[in-house]
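Architecture and fold: a report
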Amino acid sequence: MLEKLHITARQWKTGIKWAVYFVLFLFVMLFQTVCLGNVRFFEVSCNFLPVLLVCICIREEPGSGGLFTLIMSLIWCLSGADFGSISIFVLTIGGVFAGILCRAVINQRFLPCALCCLVVALVHESAIFLLKLLFNGVEPIFWLKRALPCALLSMVAYPLLYLLVKWISRIGGNNGV
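In short, a report on the structure. (Residues numbered from 1 in each chain as written. Predicted model: local features only at pLDDT ≥ 70, side-chain atom pairs only at ≥ 80, totals over all residues. Heavy atoms only, no water.)

1. Topic: the packing of helix H5 (residues 110-135) against helix H6 (residues 142-154)
Close contact between H5 and H6 brings their axes to 8 Å; oriented N to C, the two are set at 150 degrees. Comparing their axes, H6 and H5 come out roughly antiparallel. Handedness of the crossing formed by H5 with H6: right-handed. Contact residues: H5 offers Leu118, Ala121, Leu122, Glu125, Ser126, Phe129 and Lys132, while H6 offers Phe142, Trp143, Ala147, Leu148, Cys150, Ala151 and Leu152. Broken down by class, the residue content of the contact of H5 with H6 amounts to 11 nonpolar, one polar and two charged. (Axes fitted to C-alpha atoms, helices over the stretch in contact; angles between N-to-C directions. Helix = DSSP H or I, 4+ residues; strand = E, 2+ residues; numbered from the N terminus. Parallel < 35°, antiparallel > 145°, perpendicular 65-115°, else oblique. Left-handed = near helix turned anticlockwise from the far one by under 90°. Contact = heavy atoms within 4.5 Å. Nonpolar A, V, L, I, M, F, W, Y, C, P; charged D, E, K, R; others polar.)

2. Here's the deal with the nonpolar core
Formed by 36 residues in total, the largest nonpolar core has its most connected members in Phe25, Leu52 and Tyr158. Those elements that provide at least two residues to this core are helix H1 (9-35), helix H2 (49-59), helix H3 (62-78), helix H4 (84-104), H5 and helix H7 (158-169). Sorting elements by how many residues they give to this core places H2 first, with eight residues. Residue contacts for tyrosine 158: discarding those within four places in its chain leaves Val51, Cys55, Arg109, Phe110, Cys113, Ala114 and Cys117. Ranked by size, the runner-up nonpolar core spans six residues in total, among them Ile86, Val90, Ala127 and Ile128. (Core = buried A, V, L, I, M, F, W, Y, C linked by side-chain atoms within 4.5 Å. Buried < 20%, exposed > 50% of the residue type's maximum accessible area, 1.4 Å probe, protein only.)

3. Focus on the environment of glutamate 139
Here glutamate 139 is to be found in the loop between H5 and H6. In sequence terms glutamate 139 and glycine 99 are 40 residues apart; their C-alpha atoms lie 34 Å from each other. Excluding its chain neighbours within four sequence positions, the residues that come into contact with glutamate 139 are Phe129 and Leu133.

4. Observations regarding the packing of aromatic side chains
Tallied over the full model, the rule gives seven aromatic pairs. Look at tyrosine 21 and phenylalanine 68: their rings are 6.0 Å apart centre to centre, the planes differ by 50 degrees, and that puts the pair in the tilted class. Separated by 47 residues along the polypeptide, tyrosine 21 in helix H1 and phenylalanine 68 in helix H3 bring together distant segments of the chain. The exposure class assigned to phenylalanine 68 is buried, which follows from its relative accessible area of 8%. Summarising the aromatic geometry, the rings of phenylalanine 27 and phenylalanine 31 are spaced 6.2 Å apart at their centres and angled 15 degrees between planes, so their arrangement reads as stacked. Residue phenylalanine 27 and its partner phenylalanine 31 are located together in helix H1, separated by four residues, close to a single helical turn. Classification of phenylalanine 31 as partly exposed rests on a relative accessible area of 35%. These aromatic residues form a ring-pair network of at least three members: Trp18, Tyr21 and Phe68. (Phe/Tyr/Trp six-rings, centres within 6.5 Å; stacked < 30°, edge-to-face > 60°.)

Okay, structure coming up:
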């Protein structure tokens, strides 16, 4: 039965590409939670995962990038992230929308992709803020003190993540990019 299973070289390379994306996601998630878990910059913690997932959605096709974002945000939610269930919805929809927008309207260049990543990170942090405002009764100033600076500070890692995703996306040939 295994003789009939034939995987081409391109399929192997595509599988390797998605495995490398997965390893990069795990590395960023572990770095963010273990190394920077208790570190606060200006009383704000960093959240690099929205930036990474949006970069992947922009560089890959919106369908495959969106599916990867859905699975990875589910893993992020199951790892015990703060309001991780909203991350599943916001990151998947935001990543797919950013991927479609960058393919159809904007070129897939550094600055337009940075703007898309910033918008999705800001929407993600704002959605978490709204849930905390609704359930935990935080002060409305929390958005200016924590959510907005978190989205801006998370963009510090954007150049490195963008370059890594750009290099990884070349594995297995370009898929219409």
